[in-house]
Amino acid sequence: MAEFDTAWTVIMALLVLILQCGFLCLESGTVREKNAANVALKNIADICLVGTVFWIAGFGLMFGSSLGGLVGVDGFFPNLSNVVTGTAGHVPDHAHVGDADHGGGLEAHVSAMFLFQTAFAATAATIVSGAVAERERFLGYIATSLTLAGLVYPLVGHWVWNPAGWLRQIGFIDFAGATVVHSVGGWTALIAVLFLGPRLGRYGHKNRFFEENSVSLMALGGMLLWIGWGAFNGGSAMVFNADVAPIVARTMLSAAGAGVTCIVVGLLVNGHIRAELLINGILGGLVAGTAAIHLVTGPVAFLIGVAGALTVMFVRDVVDALKIDDVVGAVPVHLAAGVLGTLAVAVAVPYEALLAGSRLGQLGIQILGVGVVAAWVMATMGPLLWMLNRRGLLRAKPRDEVRGLNLAENNQRNALLDLLEDMKRHQRSGRFSQRVRVEPSTRLGALAYRYNRVLDRVETEIAQRIDALRRERDMRAIAEDAFDAMCEAQKESAWAARHDKLTGIGNRKYLEDFLAAPVQVPGEVTLVIALDLDRFKEINDTYGHAAGDAVLQVVARRLSGRMQDGRDFAFRIGGDEFTAFVQVSDGGAEAEELCQDLAFTLLEPFYYQEVRLRFGVSVGFAVMDPGEPLKSTLRRADLALYEAKSSGSDHVVAYSDAIGQAHSDKMNLIRDFREALERNEITALFQPQIEAKTGRLIGCEVLARWQHPHRGLLTPDLFLPIAEEMNCSADLDLAVLDLALQGYWELHRQGIELPGISVNVSAARLADPQLVAELQNRDDIPRGALTFELLETVFLDSISDDYAQKIAMLKDLGISIEIDDFGTGHASIAGVLALQPDRLKIDRVFASEIDRKPARQDLMRGLIEMAASVGAETVVEGVETWEEARVLTTLGADVLQGYVIGRPMAFEDLLRWHSAREGQAETAAVHDGQPDGRQDQGQDQGQDSSLRSAG
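Analysis parameters
- Residues numbered from 1 in each chain as written.
- Predicted model: local features only at pLDDT ≥ 70, side-chain atom pairs only at ≥ 80, totals over all residues.
- Heavy atoms only, no water.
- Helix = DSSP H or I, 4+ residues; strand = E, 2+ residues; numbered from the N terminus.
- Buried < 20%, exposed > 50% of the residue type's maximum accessible area, 1.4 Å probe, protein only.
- Contact = heavy atoms within 4.5 Å.
- Phe/Tyr/Trp six-rings, centres within 6.5 Å; stacked < 30°, edge-to-face > 60°.
- Lys NZ or Arg CZ within 6 Å of the ring centre and 35° of its normal.
- Axes fitted to C-alpha atoms, helices over the stretch in contact; angles between N-to-C directions.
- Left-handed = near helix turned anticlockwise from the far one by under 90°.
- Nonpolar A, V, L, I, M, F, W, Y, C, P; charged D, E, K, R; others polar.
- Core = buried A, V, L, I, M, F, W, Y, C linked by side-chain atoms within 4.5 Å.
- Parallel < 35°, antiparallel > 145°, perpendicular 65-115°, else oblique.
- Expected span 1.5 Å × (residues − 1).
- Polar contact = N/O pair within 3.5 Å; in protein donor to acceptor, adjacent residues only side chain to side chain.
- Salt bridge = Lys/Arg side-chain N within 4 Å of Asp/Glu carboxyl O.
- Pairing = 2+ DSSP bridges.
- pLDDT = per-residue confidence, 0-100.
- Patch = residues over 30% accessible without salt bridge, like charges linked within 9 Å, V, L, I, M, F, W, Y side chains within 5 Å.
- Areas by Shrake-Rupley, 256 points an atom, 1.4 Å probe, with all protein chains shown as cover.
- Right-handed = clockwise from strand over helix to strand, strands pointing away.

**Section: the overall build of the protein**
Step number 1: Counting its regular elements, the protein contains 34 helices and 18 strands.
Step number 2: Across the 951 residues in the protein, those meeting the buried criterion constitute 49%.
Step number 3: Pairs at least 24 residues apart make up 70% of the contacts formed inside the protein by residues separated by at least 6 positions.

And the structure:
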């Protein structure tokens, strides 16, 4: 069986070399492409260098005659000769390579053992290769591998595997090299990466993760390592017997346990499985099992694999947290899992197989072995790596690291690098006559071909342009002119982006930049001025947009003339809106005077095409408070501008707290009004209307009120502008109409027949295309009793066909049309005649004190006669005394409405008012003499003074 055992060992040794192929694939696939060839060459060099130094010295140090169990002293340069005869049989435990009288069988077995251990030594060196990849110089790696294979690994192997080794003598168990091979390689890798430091950019502020070159190549390497591990463990027995198959089977089982663990943890923790996690976890399970794989059972081997995988994942995270850049995970896989497997011997191996006689004793021996090996590796490899680092032989230069070690150390080029170099040459020289090389039938070849075609087109274009330019002027002058023009264009583009094209002053973008970094002069304050032109639209409409542009240019020129360079700034931020920032020493009187002077300057008329143009300007200003953002000051100046415009043209207004509070109140009302309609806070008040001649109740005007939850009952002058601003006037009109009709029909149900009821209708409601359809679909409109009062009479100056048609359709529905505020100048006579309204309501301003002002009576008579001329009744509102009512009746008014008749009142108050009138003995009537309204007059006598003021 000796020859068969030798043959088995030789075959396993060759299969162990598959580990080198696996490490080559794994490491080359893990690193970036620019370093893959360098890593592969280091793996190949490992076998050459390690084989040589292990033959010269390592094998003798490891298996030669032991000196005190520490080191072998003979067997160097083993002959490894062919011996035809000899039947020495299997090498006994006491045999060593230094025996001079061995037979042919012993020589053959020694040769097989040399081959097997050479593969082991190469594995230990290759472990270091993966950890230091992408940044260790080739010379430094050679020195590390030679020392590791020629000195460090042989002595550890002597202590553990030489029959006379001191660790073996005290009972240390490491069957296939969890400590001898993997921990030695792992400790060396850890020391090396600490000296080298991380790769450039790996742990910078971006904490970059370098993508693998080829996951498929990594996976192939993992599978080759799995296969080679069977030979790694199966050949460690050095014989072929009944134990070999279980050892190999348990090896596969430990890898399977590790793989299952990685898959489960990856899915549970990360939600996916990463290739490097699975591959390194499997390798960690294999490493952990090598120490006691010959003694444990299948289930225990599976559990050791699980523990190895968990150890790898944990230590990997610790190493990464400490910013230790281990490229392939050699420290977690080989060092951490190797230590775990070595210590696991004490608890995993059957009790009777423990050489120390107890688990605790065995654990102490295993810990001692691990510690001694760690100390030995640090004591030898630490000084060596320190010296190499000091001499600059350890880490590649930063430039070489960026370029990649393939090119920097091995001059290994590829098509992509060649293409990039050619492009760089073109970039540096500016000469494109020499094209890049095209590799046919490849992706990079297609890219190079297309790049050459681009160069062809560029050269053609350049040649054509140069030829055209040469006919006109010298090439150098053209180039200089083109360069100057380009620079000027860049300046103009940058200037145009921040300045108004028409006026030349800053635009809104420049303003936004200025607000972010304002200019402030020490000892002075910033005055923010907001300006808006008045009557600018009239100039545009009358003289054309060219005249409007001239106005804007004049304003910008006058405004810029008041600015001091570097201190003050002016901007045009809209059509006719301007903003200025001025540094002043006094934010009070000086600021006011400056703004007044500025407004006076801007208001000066100017001539445009022999036409003297005049326009107005409204000015609002605010002084920036200490610590206040400039944007906030600008907002306050805008509020002051709004106040100036609301006060009329050509006003200058300084911001005050009252303006700010008014704006805040308005915003609060706007916010509350959004929900007022939904919460049914809009209520209706009813104001009676009587027939002038008889005093008979003939209708009510329904007036909207807002029952604000905090401010009480609000009148329309407060919320109608808000409704118009929010574009919900039509919704408000609809709500009031609903309330009016509810009141009308409730009166009907209580036996009170109200001849008519009127509601105000805004222009927005009248313009609603769905208005007529909505009214047609309602069944609660009393035909002939509902009147629409058109408030926005300004739209009646020029009535469109659509408006006329819609008003006609409303009349067809039995809805009367009444023009409100007639006579105030808002509705023209032409508009009234075209509309043909049913009623004209004369404003209260004409009825006030009419009994004491004859001139006003003549005006009223004219308005009444005008209404009669178009067949319309007249309704006079604002009647506060019976004397006024008598005069109005005499003048021919049809309907009277005012406080003397009845104030606007809630529905319940209207019922009581009606009952009181019904209970009077005599209905108030107005005829040629004084109206017989003494009872009503007596009833309202105490209110006469207030009625007059309110009317």
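**Comments concerning the packing of aromatic side chains**
Step number 1: If you walk through the whole model with that rule in mind, you get 20 aromatic pairs.
Step number 2: Ring centres of Phe-514 and Phe-569 lie 4.8 Å apart, and the angle between their planes is 50°; on these two criteria the pair is classed as tilted. Linking Phe-514 in helix H18 (residues 508-516) with Phe-569 in strand S4 (residues 569-572), this pair joins segments that are 55 residues apart in sequence. Side by side, Phe-514 and Phe-569 carry an identical accessibility label, which is buried.
Step number 3: Connected via pairs of aromatic rings, a cluster forms that spans Phe-54, Phe-59, Phe-63, Phe-114 and Tyr-153.
Step number 4: Geometry around Tyr-203 places Arg-202 over its ring, the cationic atom sitting 4.5 Å from the centre.

**Some remarks on the packing of helix H25 (residues 729-749) against helix H32 (residues 907-919)**
Step number 1: Running from N to C, H25 and H32 cross one another at 40°; their axes reach a closest spacing of 11 Å. Crossing geometry of H25 relative to H32 is assigned as right-handed. Two secondary-structure elements touch here, H25 through Gly-743, Glu-746 and Leu-747 and H32 through Phe-907, Leu-910 and Leu-911.
Step number 2: Class assignment for the residues of the contact of H25 with H32 results in four nonpolar, one polar and one charged.

**Thoughts on the nonpolar core**
Step number 1: Ranked by size, the top nonpolar core spans 106 residues in total, and within it Tyr-153 and Trp-161 carry the most contacts.
Step number 2: Per-element tally for this core: the top contributor is helix H3 (residues 104-131), with 13 residues.
Step number 3: In this structure, Tyr-153 is in contact with Phe-54, Met-62, Gln-117, Phe-120, Ala-121, Leu-148, Trp-161, Val-180 and Val-181, ignoring residues within four places of it in sequence.
Step number 4: In terms of nonpolar packing, the next biggest core, distinct from the first, is built from 74 residues, Ile-670, Ala-847, Val-876 and Phe-907 among them.

**Some words on the packing of helix H11 (residues 330-348) against helix H12 (residues 359-390)**
How two helices pack is summed up by the angle between their axes together with the distance between the axes.
Step number 1: Orientation of H11 relative to H12, taken along the N-to-C sense of each, is 165°, at an axis distance of 8 Å. With respect to their mutual orientation, H11 and H12 come out roughly antiparallel. You can see that H11 and H12 cross each other, and the crossing is right-handed. Along its contact with H11, which presents Val-339, Thr-342, Leu-343, Val-345, Ala-346, Val-347 and Ala-348, the element H12 presents Arg-359, Gln-362, Leu-363, Gln-366, Ile-367 and Val-370.
Step number 2: Of the residues assigned to the contact of H11 with H12, the class counts are nine nonpolar, three polar and one charged.

**A word on unusual backbone geometry**
Step number 1: Here the phi dihedral of Phe-77 falls at roughly 45°; this positive angle occurs in a residue that is not glycine.
Step number 2: Take Phe-77: it is sitting in the loop between strand S2 (71-72) and H3.
Step number 3: Of note in this structure, Glu-134 is not a glycine but carries a positive phi near 75°.
Step number 4: Within the secondary structure, Glu-134 sits in the loop between H3 and helix H4 (138-161).

**Quick notes on helix H7 (residues 215-234)**
Step number 1: In a regular helix each residue adds 1.5 Å, so 20 residues correspond to 28 Å; H7 covers 29 Å between its end C-alpha atoms and thus fits that length.
Step number 2: Taken as a whole, H7 has its buried residues at Met-218, Gly-221, Gly-222, Leu-225, Gly-228, Trp-229, Gly-230, Ala-231, Phe-232, Asn-233 and Gly-234.

**Describing the side chain of Asp-532**
Step number 1: With respect to the element layout, Asp-532 can be found in strand S3 (residues 525-534).
Step number 2: In this structure the side chain of Asp-532 is engaged in a polar contact, spanning 2.8 Å, whose partner is the side chain of Lys-645.

**Section: the pattern of salt bridges**
Any two side chains of opposite charge can pair, given that their charged atoms come close.
Step number 1: The full count for this structure, using the stated rule, is 37 salt bridges.
Step number 2: Salt-bridge contacts for Lys-853 lead to Glu-849; the nearest nitrogen and oxygen are separated by 3.6 Å.
Step number 3: Glu-849 gets classed as partly exposed once you look at its relative accessible area, which sits at 22%.
Step number 4: Overlapping salt bridges bring together Glu-701, Glu-789, Glu-818, Arg-839, Lys-841 and Glu-873 as one network.

**Observations regarding the sheet that holds S3**
Step number 1: If you walk across this open sheet you meet the five strands as S4-S5-S3-S8-S9, and the pairing is mixed. Whereas interior strands pair on both sides, the edge strands pair on one side only; in this sheet they are S4 and strand S9 (652-654). Across this sheet, the average inter-strand angle for adjacent strands is 15°, counted without regard to direction.
Step number 2: With three bridges connecting them, strand S8 (residues 616-623) and S9 associate as parallel partners. From the neighbouring strand, Val-619 faces S9, where its bridge partner is Val-652.
Step number 3: Its contacts with the sheet place H18 against S4 and strand S5 (577-584), and it is angled at close to 140° to S4.

**Digging into the environment of Phe-63**
Step number 1: With respect to the helices and strands, the residue Phe-63 is situated in helix H2 (residues 33-63).
Step number 2: A relative accessible area of 8% means that Phe-63 is categorised as buried.
Step number 3: Separated by 50 residues in sequence, Phe-63 and Met-113 have C-alpha atoms that sit 9.7 Å apart.

**Observations concerning the confidence of the model for the protein**
Step number 1: Mean pLDDT over the protein: 83, with 89% of residues reaching 70 or higher.
Step number 2: Between the elements of the protein, mean pLDDT differs from a low of 33, seen in helix H34 (residues 944-950), to a high of 95, seen in H12.
Step number 3: Within the model, the stretch residues 84-104 combines pLDDT values under 50 with 34 contacts to residues more than four positions away or in other chains.
Step number 4: Below pLDDT 50 for its whole length, residues 921-951 participates in 59 contacts with residues either more than four positions away or in separate chains.

**Section: the side chain of Arg-636**
Step number 1: Within the fold, Arg-636 resides in helix H22 (residues 630-646).
Step number 2: Those residues within four positions of Arg-636 in sequence are excluded, and the remaining contacts are Ala-622, Val-623, Met-624, Asp-625, Glu-628 and Tyr-655.

**Focus: the pairing of strand S16 (residues 839-842)**
Step number 1: The alternating pattern of S16 places Arg-839 and Lys-841 on one face and Leu-840 and Ile-842 on the opposite face, and all of these are buried.
Step number 2: Pairing analysis gives three bridges linking strand S15 (residues 816-822) to S16, with the strands arranged parallel. In the sheet register, Ile-819 faces S16, and the bridge partner there is Leu-840.

**Quick notes on a nonpolar patch on the surface**
Step number 1: A surface patch of nonpolar side chains, amounting to about 350 Å² of accessible area, comprises Trp-55, Ile-56, Phe-76 and Phe-77.
Step number 2: With respect to the secondary-structure elements, Phe-76 resides in the loop between S2 and H3.

**Side note on the pairing of strand S17 (residues 873-877)**
For a regular strand, the rule is simple: side chains alternate between the two faces of the sheet.
Step number 1: Counting buried residues in S17 gives four out of five residues, a clear majority hidden from the surface.
Step number 2: Pairing of S16 with S17 involves four bridges; the strand directions are parallel. Pairing of Arg-839 across the sheet is with Glu-873, part of S17.
Step number 3: With respect to chirality, the unit in which S16 leads through helix H30 (residues 854-869) into the neighbouring parallel S17 is right-handed.
Step number 4: Bridge count for S17 against strand S18 (residues 895-897) is three bridges, and the pairing is parallel. Bridge assignment links Glu-877 to a residue of S18, and that residue is Gln-897.
Step number 5: Chirality of the crossover, the property in question, places the unit of S17, helix H31 (residues 882-891) and S18 among those that are right-handed.

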